[in-house]
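Each chain, written out:
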Amino acid sequence: AGVVEEYLTKMGDKAKDCGCLNVHLYRPWSEKHFLAALPALSGLRAVAVCNKMKDPAAHGEPLFLDVCTSLQRANCTARVINGRYGLSSKDF
């Protein structure tokens, strides 16, 4: 998240429609708190979920799947992409 926050700060007004939400406590997942932390869902165009784990046997990492489920239940049509960071000492 530090890289994303630094980028948003550097971009200033060019990134005014972007933001970063850090999930500090993953389990138990609180859909209510997650959705409340987002801007208006009607204006949400895309969400990037960055995980610090890899599960090759799953359809997606647990945080990504919970974010997708929460947005779908809220009838949000934003595009959700999954990414990984911090594996093998690499960011993104």
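The structure reproduced in this document is the subject of the present report. Since the model is a prediction, treat every value here as computed from it, not as a measurement.

Reading guide: rules and limits
Residues numbered from 1 in each chain as written. Predicted model: local features only at pLDDT ≥ 70, side-chain atom pairs only at ≥ 80, totals over all residues. Heavy atoms only, no water. Helix = DSSP H or I, 4+ residues; strand = E, 2+ residues; numbered from the N terminus. Buried < 20%, exposed > 50% of the residue type's maximum accessible area, 1.4 Å probe, protein only. Contact = heavy atoms within 4.5 Å. Areas by Shrake-Rupley, 256 points an atom, 1.4 Å probe, with all protein chains shown as cover. Salt bridge = Lys/Arg side-chain N within 4 Å of Asp/Glu carboxyl O. Pairing = 2+ DSSP bridges. Core = buried A, V, L, I, M, F, W, Y, C linked by side-chain atoms within 4.5 Å.

1. What to know about the overall build of the protein chain
Thought 1: Within the protein chain one finds 3 helices and 2 strands.
Thought 2: Sequence-ordered secondary structure for the protein chain, helices as α and strands as β, is α-α-β-α-β.
Thought 3: C-alpha atoms of the protein chain, sized along the principal axes, occupy 40 × 35 × 20 Å.
Thought 4: The buried share of the protein chain, taken over its 92 residues, is 23%.
Thought 5: The contacts in the protein chain between residues at least 6 apart in sequence include a share of 58% that link residues at least 24 apart.
Thought 6: Surface exposure of the protein chain reaches about 7,000 Å², of which carbon and sulfur atoms provide 52%.

2. Describing the pattern of salt bridges
Thought 1: According to the stated counting rule, one finds 2 salt bridges in the structure shown.
Thought 2: Between Arg27 and Asp66 there is a salt bridge whose closest N-O contact spans 2.8 Å. Taken as a pair, Arg27 in the loop between helix H1 (2-11) and helix H2 (31-37) and Asp66 in helix H3 (residues 62-73) lie far apart in primary sequence, 39 residues in all.
Thought 3: For Asp66, a relative accessible area of 16% translates into the label buried.

3. Comments concerning the pairing of strand S1 (residues 46-51)
Thought 1: Only one face of S1 is covered, namely the face carrying Val47, Val49 and Asn51; the face carrying Ala46, Ala48 and Cys50 is uncovered.
Thought 2: The pairing of S1 with strand S2 (residues 79-84) spans 6 bridges and is classified as parallel. When the bridges of S2 are listed, Ala48 appears paired with Ile81.

4. Points about the nonpolar core
Thought 1: Formed by 14 residues in total, the largest nonpolar core has its most connected members in Phe34, Leu44, Val47, Val49, Val67, Leu71 and Val80.
Thought 2: When residues of this core are traced back to their parent elements, those giving at least two are S1 and H3.
Thought 3: Sorting elements by how many residues they give to this core places H3 first, with 5 residues.
Thought 4: Leaving out residues up to four positions away in the same chain, Leu44 has contacts with Leu38, Pro39, Leu71, Cys76 and Ala78.

Keep in mind these numbers describe shape, not what the thing actually does.
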